[in-house]
Every structure is written in C-alpha cells, then in structure tokens.
2 protein chains.
Amino acid sequence: MSRHIQEITGGVTAPAGFRASAAAAGIKYPDRNDVALLVSDTPATAAGLFTTNRVKAAPVLLCQTRLKRGRAQAILINSGNANACTGPQGLLDSKATTRAAAAALNLPVESVLVGSTGTIGVPLPVDKLIKAIPAAVAALSRTGGDAAARAIMTTDTVDKQTAVRFQVDGRTVTLGGMCKGAGMIEPNMATMLCFLTTDAAISPAALRSALRESVEHSFNRISIDGDMSTNDTVILLANGAAGNRPLNPAHPAWPLFREALNRITLDLARRVVCDGEGATKCVTVTVDGARTPDDARRAARAICNSLLVKTSWFGGDPNWGRVICAAGYSGARLDPDKVDIAYDGKRAVKNGRRAPGFSLSTLEKILARKTFTLTVSLHLGQASHTMLTCDCSEEYVKINGSYTT
Amino acid sequence: MSRHIQEITGGVTAPAGFRASAAAAGIKYPDRNDVALLVSDTPATAAGLFTTNRVKAAPVLLCQTRLKRGRAQAILINSGNANACTGPQGLLDSKATTRAAAAALNLPVESVLVGSTGTIGVPLPVDKLIKAIPAAVAALSRTGGDAAARAIMTTDTVDKQTAVRFQVDGRTVTLGGMCKGAGMIEPNMATMLCFLTTDAAISPAALRSALRESVEHSFNRISIDGDMSTNDTVILLANGAAGNRPLNPAHPAWPLFREALNRITLDLARRVVCDGEGATKCVTVTVDGARTPDDARRAARAICNSLLVKTSWFGGDPNWGRVICAAGYSGARLDPDKVDIAYDGKRAVKNGRRAPGFSLSTLEKILARKTFTLTVSLHLGQASHTMLTCDCSEEYVKINGSYTT
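Keep in mind it's a predicted model, so treat the numbers as computed, not measured.

Overview of the overall build of chain A
Looking only at helices and strands, one finds 11 helices and 16 strands in chain A. Expected size for 405 residues packed as a compact globule is a radius of gyration near 22 Å; at 22 Å, chain A falls within 12% of this value. A buried classification covers 63% of the 405 residues belonging to chain A. For chain A, restricting intrachain contacts to residue pairs at least 6 apart in sequence, the fraction spanning at least 24 positions comes to 80%.

This is how it looks when you write it as structure tokens:
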C-alpha cells in the first residue's frame, strides 16, 4: 500500500460535500432506524455494479436505468424489505419512493437512486417508507454517515464503514464507504449493499472502469454461503468538491486513486466476510500454480463454498482431505499427486498426501486462530486466485432457519 | 410400478448364490465391524460406476481397471478409512488387501473388487485390514447381508438395504442391494458406496447400460450437501444362479428387469437422502417448464444445494424468495414474472410473486411435514428435472465440525 494513502475514521460523509441521515419507517421492526439517506451537495458523477442474478430486485432495475446517465445526487436506502420478487408493482413502488425523496430534496427524480435489503417477496410498505422521508431529510448532516451505516444493517452484527485520504493536484481527496451484508454472500457480489463516495473530480468513464476493477478484486472474491442475492449493489458517487483536475487514466494521480479505491473496497469486503452470519473464522484461500486463471478461480471457489470444508474450519479441524476433494470436483484441472496444501504457510500436504513431518497439533493451533490462510498449490501452471471466506457454524443454521419470510 | 415386482426383505444376500459377512479390523474404532465381504459362489458379470471427481480414491482406480473385464466374484469393503489422497502407496495398499482376500477365498486376484469409505488422507492400515480377512471369510453366509450393510456405515444412522423379486423365463429372479452414505452427497454420485447383486443371467453390455440408466435417475439426482466425494462407487454383480436365458434388450423381460433395477436404486437413493447427516426433512424438488433439460437440471440443483434454502426448510419457513433467488443464479433461463412455486401442490407463488390467497399458515403446515414436494414451474418450455434432497440443520454442522481428520 502506498504510504501516501492515509486511513481516517468515518464513512460516506467523510468526503466533502456529502450529507447523510437515518430515520425509522417501521418496515420490519418498530423501534429501529431502517431508512438511510445519502445526498451530495451538487450533482455527482455516478457508477454502479449490480447482481448478475437473473432475478433482479426492483431497486436494482431502477438504478441500472438511472445510472445510464452517469449522474446522480441522492440515494434512498431501506432495510427490512428487499423489494425483490414483487413484480411490476415493485418497480412502481421503488419509483414512488424516489419521487417522494426527490420532492423533499428538491431534486429531479432521475438523480435519486435507491437500495433495498431484507426479506424477499413481500410488497414494499411504500407508505411507511414515504412517511419517514421528511425526518430523514431533516436529519441530513455532515456527520450522518454513522447513523446511515447502522440503518442499512440486517443480520450484520456491526456496521461497516471505512475512509481514506490522499493528495491530488495539491488538493485533499477523500474516499469513504459503507456496506451491509452478512449472508447470501457469493462472488458476483453478495446480498450486499455498498455505497461509496468521494469528493474527487473524475470523468464518468474513468469512474466506471475504476469501480469495475475494484469490485472484481474485492466483492467478487468473497463468499459466505454461496448464495448470490437478487439485490447486490455497489454505487460510487464522485462530486468533485475536492477541486482537483478531473481524474482519468492520463492523470498522474490515477494509480493513486485506483489504489485508494481498491483499499476501500477490499477493506469493506473483509468486514463483510468477518461478520458473516455465525462466522467464527475468516479465511483467505489462495489457489496457485493453476493451468489457467479460470482453473484457479474454480478451485478456490469450490473450496470456499464447500460446506464440508467450512464446517471443518468451524470445528478447528485441519481436514485437508475435504479441501483437495473440493478442488477435485471443481472442474479445475489438477493432478492429485502434485497438490501441496499449507495453512498459514505451514505445509500439511505434499504431492497429494500428508507432508513429511506433518504435525496435527501444529495445524490445529493454526485452525484455532480467528484468521488464517489456506494455500493450495497445483503445480500445473502460473495462474492464481485468492478469495476471502468464513467458516460455517451452527449459529449460521440457527440464524437462517429462523429469518422468516 | 409393475405389480409383477415384489418387494422382499433382505439386501445383497437375497439373490441366490451370494454370501456376505462382516468383521472387526479396528480401523477407526476398536469395537465395531468395519470390514464387509461379499462373495458370489460363481464368477459374476460385473459393472460399476464411479465418482467423476478428478481426485479418485485408490479403490476407485483399482475397480475401474479390474471391471474392464466385466467379471468379478468378490468385493472387500471397509469403513473408517477412505484410502483417498494416499498417493501411489494407496493403490499398492488396495491391491495388497485384494491379494489377501483372493488368497483366503481361493480366487484369482483380478476377480476381487474393493471399496473404502471414511477419513481422507490417512494411509490405509493394511495390516489391520488383512488380519481381519480370515474372520470375514469364515463368517460368510447366505444371511450375512445385514451384517455387511451395517459394517459399511460411517455417519449413517441406519443401514440401507432393499430387495425385489420377479419372474423371468419362469424362473424367480432376485435383485438386492446395500448402500452407505449420509454426507458429501451430490449428483454424480455421493460419498456413497452401493453394492447391488442379482441372480439373473445378463449379458455384460446389457448390465452396464441398465446400471448407467438406473444410476442416472437415482443416485445422480440426490444431493445432501453439494460435495462430491472421491470414493463414490456403485457396483452390480449378476451371477446367473436364477437360470434364466441371459437378459439383454431383445429379451421380453428386459423392461421388467430395468424397472426392478430402477426401483432398487431409487429406493436406496431415497434412504440415503432421508438419512442425510442431521437431516430432519426429505424434499422432492421438481423444476418444470424449463427451456431445456439442462436449464431444468441447473435450477433444480441450485435450489437443492442452496444453504439458505436448506436452512429455511429446517426452520419450517416457506421462504420461496430464497427458492426463486437460487433459480435466478443457477444459470437457467427464467423470467421472474412467469415463475410459479408450489409446496405439496399448494401454490405459494404465481407469476413471480405471492399467489392470490397465499396462506402462510397453510404453507407452514406443509413445511412442518417430514417429507414434502417443491415444484418450481418456469413456463418457458417442456423440460423438467426432479431431485431428492434434505434440509440442513445445526446437527449437520455439529457432525461435520467434529468428524476429525
């Protein structure tokens, strides 16, 4: 990491010219904030990435349409109801809430985006949501990022925020973000809503490409349970309040901006995995020596999604047999007699079987750690792929056996 | 089902000319039978199907080689150790145990097959296994099927046996089988060992094709946890003791034989799913109206493997949102606004959203049943696919978090 990038506290309101707030609409629970509002003082350049699930929630469809302009100024977000599988009425409902927010903020309706998370298949309680908008608008403040980050939580146990600061053209540029997500997490995003802000000036095309690259190396490389949501959303607003010359690939600070953005998204992705539903361990899985990048990705993904692997981690069991088994059915080319496996650099498997000097007690000590790395070396080529995942505990089953429709 | 096929009690020793037994080798636990021996009085026509995992256990590799001849007479099976990920030594070890069994039975070594199930990555304790062979040979009997079926269990809570009887050419033909498997169950077979016997005379090519078709519609359509094992094995021995004219596709009783075989494999597959590790519910998932058979298969499989779907079943929650979400990311073509979903024929979803007259309490009563069906209708074509699966409980995590290397 460049030492020119400084971590700071805060989230979406850390950059200049952004205000946020939270309000209680009583969507699912009576006594908690479940609406968040994020507003830029001026129209912002905007880019978004969304779920690749064929079943897309209404707010996703609406954002995809509105982001074609590459401009936005406000985002209205609710938890408690995903407005997914709600048919054409769902889209009308999402539009109605953005109309109400636009009116209250005195903005054109096309500049208001929307995000929803929560139960699938239940009509959005539009009236409740609209009734909460005036309070959310009244509460907007330069320090509202915290409240907004808490309002978008569902089964999350902690709010997830991050921000960094660096210099561009002698101006201080700040990048911030907030994120929610703890279950239904799988590459090609997660049941994850992520909202990023920056006061950098940046061209629309550059913003899109930087966001795409950054998500590819962060949110697209995490997995909690292998389920890909209908609502996954990452939106980045850049309002130019920092006063720098617009960033683009020709600007000398372009690499710095990309690094800062990658840092933010990776940090938020890590927070999502480590807060995975019922998770007790956060594991970095690397497959290297694969014939092709696709082979590396398939093997890493199969390992990260294997319920048998995840439950063995929960049990603190260095059950590398399940790891090699998952790589074996992943579709990746591999020669079982060439595979090496190491935990936190400590080799457990050499040439497909127990490594010489294999010590179960040493490995068990590593598996008892809250975070560790698992490296699977195929020795067939040069490609590698790294993913972040967590274990699967009884608590996960308890949470998801009772999170009712 | 044809009324000419009669269910009878018994398993692999129900057909004439087969003997079986069990013995204790102390492979993983000191005081249980963990070795099973199955022997035909005469050389039998033999066919087998095995895991498609790229990591294949030594006994799988050995059986694949020996079954090229299409003949076999005995099978030596052990639980407690899978002899998988054990390198070239693993293959030598499997061969050594078949040599010992062949010597004790006075048979050519090539006619002895082998199956192993249990922990992966630990060298097979060959000496222990070989030491138990004389006791197994001495115990061989016409009623030994029960003992053998119990000896091959690992996390299974019940032994799995089945047998049927029917007439061919005026002779009584019997088909029997035993099976083990409760975890790591996923299409293209399971951590599943299945041994089938029949006293029918049948040509080698006909035996192979009947077995392939039968497995495709039974063991390849069950899923417990989405993990595909290194050891999956289905072997069918036909010794001709019934004295019928050899069966083949031109024989008038060929459809009857195929039906009987399908019945046996489907029954054993059902027993495996209903005994899934920690399972409390057995669910039949059908996707119909798909554009292509592959679309139907993908959607059914994604639903059956979705941890969020399986945990909601455990919780008795008719969370159809998770069902449609899984279908959405399966890769199958679907139009969310055309999808219907029903539980035990009771419609929950019509055109992608809550069906008119949706009653949560009615659906909850269905979800409380030990077995129910879930039908997802895509309304895009004519293809359908049915799978059997189970829920995922806290007990599953407990079992697999503690089943140590």
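Notes on the sheet that holds strand S11 (residues 282-290) of chain B
All names here are of chain B. Strand order in the open sheet formed by 7 strands is S9-S16-S11-S15-S12-S13-S14, and the pairing between neighbours is mixed. With one partner strand each, in any of the chains shown, strand S9 (222-223) and strand S14 (353-354) form the two edges of the open sheet. When S11 meets strand S16 (residues 383-390), the two strands line up antiparallel, connected through 7 bridges. Looking across to S16, one finds that Val285 is bridged to Met387. Where helix H6 (residues 254-274) meets the sheet, it contacts S9, S11 and S16, and its direction lies at approximately 50° from that of S16.

Some points on unusual backbone geometry
Residue and element names in this part refer to chain B. Located in the positive-phi region is Asn83, a residue other than glycine, with phi close to 45°. Inspection of the secondary structure assignment puts Asn83 in the loop between strand S4 (71-81) and helix H2 (87-105). If you check the backbone angles, Asp169 has positive phi at about 55° while not being a glycine. In this structure, Asp169 sits in the loop between strand S6 (160-168) and strand S7 (171-180). What makes Asp169 partly exposed here is the crowd of 16 C-beta atoms within 10 Å.

Here's the deal with the interface of chain A and chain B
Contacts between the two partners involve 52 residues from chain A, matched on the other side by 52 residues from chain B. Sorting the residues of the side of chain A that touches chain B by element identifies helix H8 (307-314), helix H9 (320-329), strand S14 (353-354) and helix H11 (394-402) of chain A as the ones contributing at least two each. Here the side of chain A that touches chain B is composed, by residue class, of 19 nonpolar, 23 polar and 10 charged.

Looking at the packing of helix H8 (residues 307-314) of chain B against helix H9 (residues 320-329) of chain B
All names here are of chain B. Relative orientation of the contacting elements H8 and H9 amounts to 160°, with a least axis distance of 9 Å. Comparing the axis directions of H8 and H9 gives the class roughly antiparallel. H9 is crossed by H8, and the crossing has left-handed handedness. Judged by residue contacts, Leu308, Val309 and Ser312 of H8 engage Arg322, Val323 and Ala326 from H9. For the contact of H8 with H9, the per-class residue count stands at 4 nonpolar, 1 polar and 1 charged.

Considerations on the sheet that holds strand S11 (residues 282-290) of chain A
Residue and element names in this part refer to chain A. The mixed open sheet is built from 7 strands, whose spatial order is S9-S16-S11-S15-S12-S13-S14. Each of the sheet's edge strands pairs with one partner strand only, and the pair in question is strand S9 (222-223) and S14. Across 2 bridges, the pairing between S9 and strand S16 (residues 383-390) is parallel. From the neighbouring strand, Ile222 faces S16, where its bridge partner is Leu388. Of the strands in this sheet, S9, S11 and S16 are in contact with helix H6 (residues 254-274), which crosses S16 at around 50°.

A short note on the relation of the copies chain A and chain B
Least-squares fitting of chain A to chain B yields an RMSD of 0.1 Å, with the transformation described by 0.0 Å of translation along the axis and a rotation of 180°. Both chain copies can therefore be described as sitting about a two-fold axis. Closest approach to the rotation axis among the C-alpha atoms of chain A is made by Glu394(A), whose C-alpha sits 2.3 Å away. A share of 100% of interface residues in chain A that are also interface residues in chain B marks the association as one of identical surfaces.

Side note on the packing of H2(B) against helix H3 (residues 126-139) of chain B
Residues and elements named next belong to chain B. The N-to-C vectors of H2 and H3 enclose an angle of 20°; their axes lie 10 Å apart at closest approach. One way to sum up the angle between H2 and H3 is to call them roughly parallel. In the crossing of H2 with H3, the sense of the turn from one axis to the other is right-handed. Counting all contacts with H2, which are made through Asp93, Ala96, Thr97, Ala100, Ala101, Ala104 and Leu105, the residues of H3 involved are Val126, Leu129, Ile130, Ile133, Pro134 and Val137. In the contact of H2 with H3, the residues fall into 11 nonpolar, 1 polar and 1 charged.

Quick look at the domain arrangement of chain A
All names here are of chain A. Considered domain by domain, chain A is made up of domain 1 (6-274) and domain 2 (282-402). Domain 1 and domain 2 are separated by 33 Å when their C-alpha centres are compared. Taken together, the contacts link 12 residues of domain 1 with 11 residues of domain 2. Listing elements by their share of the side of domain 1 that touches domain 2, those giving two or more residues are S9 and H6. Among the elements that take part in the side of domain 1 that touches domain 2, H6 stands out by supplying 4 residues, more than any other. Partitioned by chemical class, the residues of the side of domain 1 that touches domain 2 number 6 nonpolar, 4 polar and 2 charged.

Comments concerning H9(A)
Counted residue by residue, H9(A) has 10 buried out of 10 residues, so it is predominantly covered. If you check which residues of H9(A) are buried, you get Trp320(A), Gly321(A), Arg322(A), Val323(A), Ile324(A), Cys325(A), Ala326(A), Ala327(A), Gly328(A) and Tyr329(A). Elements in contact with the buried residues of H9(A): helix H7 (293-305), H8, strand S12 (340-343), strand S13 (346-350) and strand S15 (371-377) of chain A together with strand S5 (112-119) of chain B. After H9(A) finishes, the residue Gly331(A) shows a positive phi value of roughly 95°.

Quick look at H3(B)
Residue and element names in this part refer to chain B. Here H3 contains 14 residues, and its C-alpha end-to-end distance of 20 Å stays within 8% of the 20 Å for a straight helix at 1.5 Å per residue. At Ile133, H3 is bent by approximately 30°, the largest bend along its length, and proline Pro134 sits one to four residues beyond. Of all the residues in H3, the buried ones are Leu129, Ala132, Ile133, Ala136 and Val137. Among the structural elements, strand S2 (18-23), strand S3 (35-50), S4 and H2 are those in contact with the buried residues of H3.

A closer look at the pairing of strand S2 (residues 18-23) of chain A
Residues and elements named next belong to chain A. Buried residues dominate S2, accounting for 6 of its 6 residues. Direction of pairing for S2 relative to strand S3 (residues 35-50): antiparallel, over a ladder of 6 bridges. Along S3, the bridge assignment pairs Ser21 with Leu37.

Some details on the environment of Pro125(B)
All names here are of chain B. With respect to the helices and strands, the residue Pro125 is situated in the loop between S5 and H3. Given 18 C-beta atoms within 10 Å, Pro125 falls into the partly exposed group. Each residue touching Pro125, except ones within four places of it in the same chain, is listed here: Ile27 and Asn81.

Scoring rules and cut-offs
Residues numbered from 1 in each chain as written. Chains lettered and ligands numbered in written order. Predicted model: local features only at pLDDT ≥ 70, side-chain atom pairs only at ≥ 80, totals over all residues. Helix = DSSP H or I, 4+ residues; strand = E, 2+ residues; numbered from the N terminus. Rg over C-alpha atoms; globule rule 2.2 N^0.38 Å. Buried ≥ 20, exposed ≤ 12 C-beta atoms within 10 Å, placed from the backbone. Contact = placed C-beta atoms within 7 Å. Pairing = 2+ DSSP bridges. Axes fitted to C-alpha atoms, helices over the stretch in contact; angles between N-to-C directions. Nonpolar A, V, L, I, M, F, W, Y, C, P; charged D, E, K, R; others polar. Parallel < 35°, antiparallel > 145°, perpendicular 65-115°, else oblique. Left-handed = near helix turned anticlockwise from the far one by under 90°. Least-squares fit on C-alpha atoms with pLDDT ≥ 70 in both. Domains from an automatic or database assignment. Expected span 1.5 Å × (residues − 1). Bend = angle between axes of the 7 residues up to and from the residue.

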